[in-house]
Amino acid sequence: MADDLDDFLILRELDEPIDREGLDAAAEQSGETLSELRDEGVGIEWVDSEVLTNGNGAITGTVCHYRAESEDAVEEHADRAGLPATKVSRRGEPLEGE
């Protein structure tokens, strides 16, 4: 993928918690949609995701890291994949700590 892609973080809050099977299905749909977008010439790639859970261990959302040509590309991916994009932000410099 091109070096001119920017880093974005996407908060995906779910209205209702899901289980691992639901998360796996969402990940599969996301991957298929990423392939479709790239086939259309859109610069976008998934980097990684952190899973958010409640006290019962049910999945309540994710924070996903993508590299993309624009915020519009990230939002198009979310729309086509049927995934929530509660908040899309450009990724800043990571903090250093212990």
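1. Things to note about the overall build of the protein chain
Broken down by element type, the protein chain carries 2 helices and 4 strands. Sequence-ordered secondary structure for the protein chain, helices as α and strands as β, is β-α-β-β-α-β. In terms of overall dimensions, the protein chain is globule-like: its C-alpha atoms have a radius of gyration of 14 Å, near the 13 Å expected for 98 residues. Overall, the protein chain is about 40 × 35 × 20 Å in size when its C-alpha atoms are taken along their principal axes. Looking at the protein chain alone, contacts between residues at least 24 apart form 73% of all its contacts between residues at least 6 apart. Total accessible area on the protein chain stands at roughly 6,400 Å², and carbon and sulfur atoms take up 43% of it. Of the charged side chains in the protein chain, 8 are positive and 27 negative; the average position of the first set lies 3 Å away from that of the second.

2. Side note on the packing of helix H1 (residues 20-39) against helix H2 (residues 71-81)
The N-to-C vectors of H1 and H2 enclose an angle of 125 degrees; their axes lie 9 Å apart at closest approach. It follows that H1 is oblique to H2 by the angle criterion. When you trace H1 past H2, the crossing you get is right-handed. Residues Gln-29, Ser-30, Thr-33, Leu-34, Glu-36 and Leu-37 of H1 form the contact with H2, whose participating residues are Ala-73, Glu-76, His-77, Arg-80 and Ala-81. Looking at the contact of H1 with H2 residue by residue, the class counts come to 4 nonpolar, 4 polar and 3 charged.

3. Considering the sheet that holds strand E1 (residues 6-18)
Taking strand neighbours across the sheet as the criterion, the 4 strands line up as E2-E3-E1-E4 in an open arrangement whose pairing is antiparallel. Every other strand in the sheet has two partners, leaving strand E2 (44-53) and strand E4 (87-90) as the edge strands with one partner each. Averaged over all adjacent pairs, the angle separating strand axes in this sheet is 20 degrees, with direction ignored. Relative to strand E3 (residues 59-68), E1 is paired through 9 bridges, and the arrangement is antiparallel. Bridge pairing in E3 links Leu-11 to Val-63.

Rules and cut-offs
Residues numbered from 1 in each chain as written. Predicted model: local features only at pLDDT ≥ 70, side-chain atom pairs only at ≥ 80, totals over all residues. Heavy atoms only, no water. Helix = DSSP H or I, 4+ residues; strand = E, 2+ residues; numbered from the N terminus. Rg over C-alpha atoms; globule rule 2.2 N^0.38 Å. Contact = heavy atoms within 4.5 Å. Areas by Shrake-Rupley, 256 points an atom, 1.4 Å probe, with all protein chains shown as cover. Lys, Arg positive; Asp, Glu negative; His and termini not counted. Charge placed at Lys NZ, Arg CZ, Asp CG, Glu CD. Axes fitted to C-alpha atoms, helices over the stretch in contact; angles between N-to-C directions. Parallel < 35°, antiparallel > 145°, perpendicular 65-115°, else oblique. Left-handed = near helix turned anticlockwise from the far one by under 90°. Nonpolar A, V, L, I, M, F, W, Y, C, P; charged D, E, K, R; others polar. Pairing = 2+ DSSP bridges.

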